[in-house]
Amino acid sequence: MKKTILLLLAAAAVLSIAGCKNSPQSESQDSVTVECHNGKMVGYRDGHLAIFKGIPFAVPPTGELRWKDPVEAPESDVEIICKKFGHVAIQAQDITGSEPAASSNDKDEDCLTLNIWTQDFNPNAKKAVMFYIHGGAYALGGTVDPMYDGQYLAASDSDIIVVTTNYRVSVLGFMPLDNVPGYTDEYKNAGILGLLDQQMALKWVKRNISKFGGDPDNVTIFGESAGGGSVACHLVMPSSKGLFKRAIIMSGEGCITSPRVAAVSQTDDGTALNQAKRLMDITRTTDLAGLKELTKEDLINALEADTSYGGTLGGAVLGSLVSFPVYDDGPDAVLPNPYEALKNGAGKDVDMMIGTNFHEMSYFGFLFKDLVITNPSYKDKYPHNKFSYWNAFCDYAVGKFGTDGQGVKDAFKKYIEECPSDMDTVFVYEPDRNIWRKTDLLSEMFFRQGSILTADLHSGSGNNTYMYYFGVPHYGYAVRPNNPWVGACHAADVPYAFNNYDHLYYDSSYSALRRAWSSAFIQFAKTGNPGWDKYDSKDRKTMVIEPDGTMKVVSNPRKERTDILQPVFLNYFNARKSVTTPNFGKN
């Protein structure tokens with residue numbers, strides 16, 4: 001108890017109370033200071049931009065606050081230097097090819113910070129606020145990643161403010177503890193703490209952004225991958241209502257969630273509960289009290305011991321690909337079933353823009369191509385070559401999806417037979433020429449069909465809805481040695497949305513598209529209309545960005561895929577048992 005009191009007093013001392021005053025801004029030649037409810041935030045100028053990095057928005061979730069809901073930063077008049085990014089959330093090392101990975105930076109539980117960029121700083125303006133939530137499979141990532149550098153987007157328009165936020169990920173952000181010995185209701189939201197952190201950051205913005213010249217009543221939340229999934233969750237979370245006006249969901253939506261009944265299953269099938277079980281096994285702890293005594297080094301070491309991309313596909317439980325937000329049923333659910341909530345009118349009056357990329361899953365195929373199968377059950381069937389591991393995973397995943405009956409297996413067979421892939425002739429994989437069709441099928445099931453369902457439901461409730469489909473190749477992967485063209489894979493669109501012409505994933509030959517695409521995001525944030533026709537479930541009008549960068553509105557693009565897969569989509573997602581990852585082996 002004494003230790004707990006000391007920890008809380010220390011946190012209060014750092015972020016101690018003082019309200020905002022009537023003249024909240026003071027400036028020097030190189031610095032700019034804004035008085036917020038929890039302190040005087042000292043940022044810096046870079047040309048026309050005012051930049052604030054590492055603004056704390058909550059009490060550090062350490063000590064007794066580990067695995068508990070975020071606590072609002074208390075009022076304070078302390079001066080806080082906000083000139084560098086805050087700590088990255090506790091996570092394993094990211095080996096997906098991000099350069100440099102956020103996980104290569106300092107990691108700490110004290111990670112709840114946000115960043116602000118604004119052009120021509122004017123505290124009396126009422127600028128549209130663009131609030132970005134990073135991706136990383138709910139297990140990785142952070143705002144320090146140069147792909148999410150807000151300076152380029154903020155410099156594009158003087159009437160917007162760009163905000164990016166960190167949040168807890170992996171075992172500290174998305175690991176339910178329900179059946180861990182010592183569990184109490186204080187930890188009931190352990191499976192969605194990352195979402196609650198994002199929500200707390202939005203509350204900070206609502207309270208303080210006007211001091212930076214932002215309009216607290218015109219906030220657009222946008223995110224990609226797990227960030228897009230997070231946006232979809234906030235769209236239906238009752239406690240997030242009123243914190244934002246518009247939402248952009250990029251390559252991620254509500255299907256990548258876990259019903260609590262599956263998440264707390266005690267079978268050894270890679271479900272979220274077994275993150276806690278595996279963490280206790282690795283760290284030799286037996287209950288919640290033991291888990292709370294672990295140091296940050298213990299946590300990172302446990303993640304590194306269990307999680308790599310080879311390990312994840314080889315049966316690892318901690319971290320990426322199993323850290324999904326946990327939803328509940330019933331009227332008091334903090335996060336309800338996303339599709340059921342949308343069907344019942346959640347997200348009413350929120351303008352929404354949603355979309356995916358042509359070849360989402362090829363990102364993972366080329367990432368995993370060098371892994372080696374060691375499990376005897378798979379080794380003979382898939383003789384080793386560059387893509388045997390990915391082919392085995394595709395077969396496993398497609399087969400796993402197809403076990404739920406009600407026509408799912410037949411639909412998948414029909415899809416593979418009748419729906420060619422753009423990659424079929426670009427890069428022929430002789431051992432199995434269907435590998436790219438299976439890859440595209442997984443893209444449809446994990447990303448596009450859920451986005452179509454989300455758009456159908458949201459527009460069906462009378463809300464302004466816009467759809468896009470992005471096809472420009474992922475330049476960063478395409479130019480690397482031994483990596484042929486991978487198409488518009490996962491995250492290919494992010495640097496275009498951020499107008500980030502300095503990032504390696506951006507191809508300079510698409511400068512006109514970069515300006516047009518980031519302008520569409522800005523226009524949507526400012527007005528609720530990105531500049532093309534609204535979506536409805538009848539015509540499904542979609543802005544298609546072709547591989548050459550041309551943009552055109554198409555009704556129901558790739559209709560043949562949707563006709564086959566949409567009728568069976570919910571037979572798996574959100575009515576599923578948790579997906580296990582096969583024990584193929586490791587690299």
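Residues numbered from 1 in each chain as written. Predicted model: local features only at pLDDT ≥ 70, side-chain atom pairs only at ≥ 80, totals over all residues. Heavy atoms only, no water.

### Structural notes on the overall build of the chain
Scanning the chain for helices and strands turns up 21 helices and 18 strands. Per-residue burial over the chain gives 64% buried out of 587 residues. Looking at the chain alone, contacts between residues at least 24 apart form 75% of all its contacts between residues at least 6 apart. When the accessible surface of the chain is totalled, it reaches about 21,600 Å², and 50% of it is carbon and sulfur. (Helix = DSSP H or I, 4+ residues; strand = E, 2+ residues; numbered from the N terminus. Buried < 20%, exposed > 50% of the residue type's maximum accessible area, 1.4 Å probe, protein only. Contact = heavy atoms within 4.5 Å. Areas by Shrake-Rupley, 256 points an atom, 1.4 Å probe, with all protein chains shown as cover.)

### Structural notes on the pairing of strand β12 (residues 246–250)
Counting buried positions over the five residues of β12 gives five, a clear majority of the element. In terms of strand pairing, strand β11 (residues 214–224) meets β12 through five bridges, oriented parallel. Paired with G223 across the strands is I249, a residue of β12. At this point the chain moves from β11, through helix α5 (residues 226–236), to the parallel β12, and the crossover so formed is right-handed. Here β12 pairs with strand β15 (residues 351–357) via five bridges, running parallel. By the bridge assignment, I249 is partnered in β15 with I354. (Pairing = 2+ DSSP bridges. Right-handed = clockwise from strand over helix to strand, strands pointing away.)

### Some words on the confidence of the model for the chain
Put simply, the chain has an average pLDDT of 85, and 83% of its residues get 70 or more. Scored below 50 in pLDDT, residues 1–29 shows 48 contacts in the model against residues more than four places distant or in partner chains. Low pLDDT, under 50, characterises residues 574–587; the predicted model gives this stretch 61 contacts beyond four residues in sequence or across chains. (pLDDT = per-residue confidence, 0-100.)

### Observations regarding the nonpolar core
Among soluble globular proteins, nonpolar side chains are generally buried collectively. Membership of the largest hydrophobic core comes to 126 residues, with the highest contact counts inside it found for F52, W67, I116 and F212. With ten residues, helix α16 (residues 435–460) is the single largest residue contributor to this core. Excluding its chain neighbours within four sequence positions, the residues that come into contact with I116 are A50, I51, F52, I55, I161, V162, V163, W204, I209 and F212. (Core = buried A, V, L, I, M, F, W, Y, C linked by side-chain atoms within 4.5 Å.)

### Considerations on the packing of helix α4 (residues 193–208) against α5
The packing of two helices is summarised by the inter-axis angle and the distance between the axes. Look at α4 against α5: their axes get within 11 Å of each other, and the N-to-C directions meet at 75 degrees. Comparing the axis directions of α4 and α5 gives the class roughly perpendicular. Along the contact surface, α4 presents L195, Q198 and Q199, while α5 presents S230, C233 and H234. Among the residues making up the contact of α4 with α5, the classes are represented as two nonpolar, four polar and no charged. (Axes fitted to C-alpha atoms, helices over the stretch in contact; angles between N-to-C directions. Parallel < 35°, antiparallel > 145°, perpendicular 65-115°, else oblique. Nonpolar A, V, L, I, M, F, W, Y, C, P; charged D, E, K, R; others polar.)

### A word on the pattern of salt bridges
One pass over the full model with this rule turns up 27 salt bridges. For the salt bridge of K292 with E64, the shortest nitrogen-to-oxygen distance reads 3.9 Å. Linking K292 in helix α8 (residues 288–293) with E64 in the loop between β5 (49–56) and β6 (76–77), this pair joins segments that are 228 residues apart in sequence. Residue R260 pairs with D178 through a salt bridge whose shortest N-O separation is 2.9 Å. Of this pair, R260 sits in helix α6 (residues 260–263) while D178 is found in the loop between α3 (170–173) and α4, placing the two residues 82 residues apart along the sequence. We note that R260, like D178, is buried. (Salt bridge = Lys/Arg side-chain N within 4 Å of Asp/Glu carboxyl O.)

### Here we look at the environment of S461
Along the chain, S461 turns up in the loop between α16 and β16 (465–470). We classify S461 as partly exposed; its relative accessible area is 28%. Along the sequence, S461 and K343 sit 118 residues apart, while their C-alpha atoms lie 7.8 Å from each other.

### Some remarks on helix α9 (residues 296–306)
Along α9, the residues that are buried comprise L299, I300, A302, L303 and D306. For α9, the buried positions fall inside an angular range of 160 degrees around the axis, keeping them on one side. (Arc of directions from axis to C-beta.)

### Considerations on the environment of H37
Topologically, H37 is positioned in the loop between β3 (31–36) and β4 (39–46). H37 sits 38 residues away from E75 along the chain, and the two C-alpha atoms are 5.1 Å apart.

### Comments concerning unusual backbone geometry
Although it is not a glycine, W67 sits at a positive phi angle of roughly 65 degrees. Within the secondary structure, W67 is located in the loop between β5 and β6. For A137, which is not glycine, the phi dihedral falls at a positive 60 degrees. Tracing the backbone through its elements, the reader meets A137 in the loop between β9 (127–133) and α2 (151–154). A residue is classified by how much of its surface remains accessible, and A137, at 22% relative accessible area, is partly exposed.

### Describing α16
In this model, α16 (26 residues) spans 36 Å end to end at C-alpha, consistent with the 38 Å of a helix rising 1.5 Å per residue. The sharpest bend along α16 reaches about 50 degrees and sits at E444. In terms of burial, α16 is largely enclosed, as 24 of its 26 residues are buried. Just past α16, the residue G462 takes up positive phi, approximately 90 degrees. (Expected span 1.5 Å × (residues − 1). Bend = angle between axes of the 7 residues up to and from the residue.)

### Describing the packing of aromatic side chains
Per the stated rule, a full pass over the model turns up 25 aromatic pairs. Ring geometry for W204 versus F212: centroids 6.1 Å apart, planes at 50 degrees, classification tilted. Comparing W204 with F212, the two get one shared label, buried. Judged by centre distance (6.1 Å) and plane angle (75 degrees), the ring pair of Y339 and F569 falls under edge-to-face. One end of the pair, Y339, is in helix α11 (residues 338–343); the other, F569, is in helix α21 (residues 569–572), with 230 residues separating them in the sequence. Assessed through its relative accessible area of 4%, Y339 is described here as buried. What makes F569 buried here is its relative accessible area of 0%. (Phe/Tyr/Trp six-rings, centres within 6.5 Å; stacked < 30°, edge-to-face > 60°.)

### Things to note about the pairing of strand β17 (residues 541–545)
Extensive coverage of β17 is indicated by the burial of four of its five residues. One ladder, built from four bridges, connects β16 with β17; its direction is parallel. For Y468, the partnering residue across the bridge sits in β17 and is M543. Examined bridge by bridge, β17 and strand β18 (residues 551–555) share five bridges and lie antiparallel to one another.

### Details of the environment of Q93
Along the chain, Q93 falls in the loop between β7 (79–81) and β8 (113–119). With a relative accessible area of 31%, Q93 lands in the partly exposed category. For the pair formed by Q93 and L140, sequence separation is 47 residues and the distance between their alpha carbons is 8.1 Å. In this structure Q93 touches A101, S103, S104, K107 and E304, once residues within four positions along its chain are discounted.

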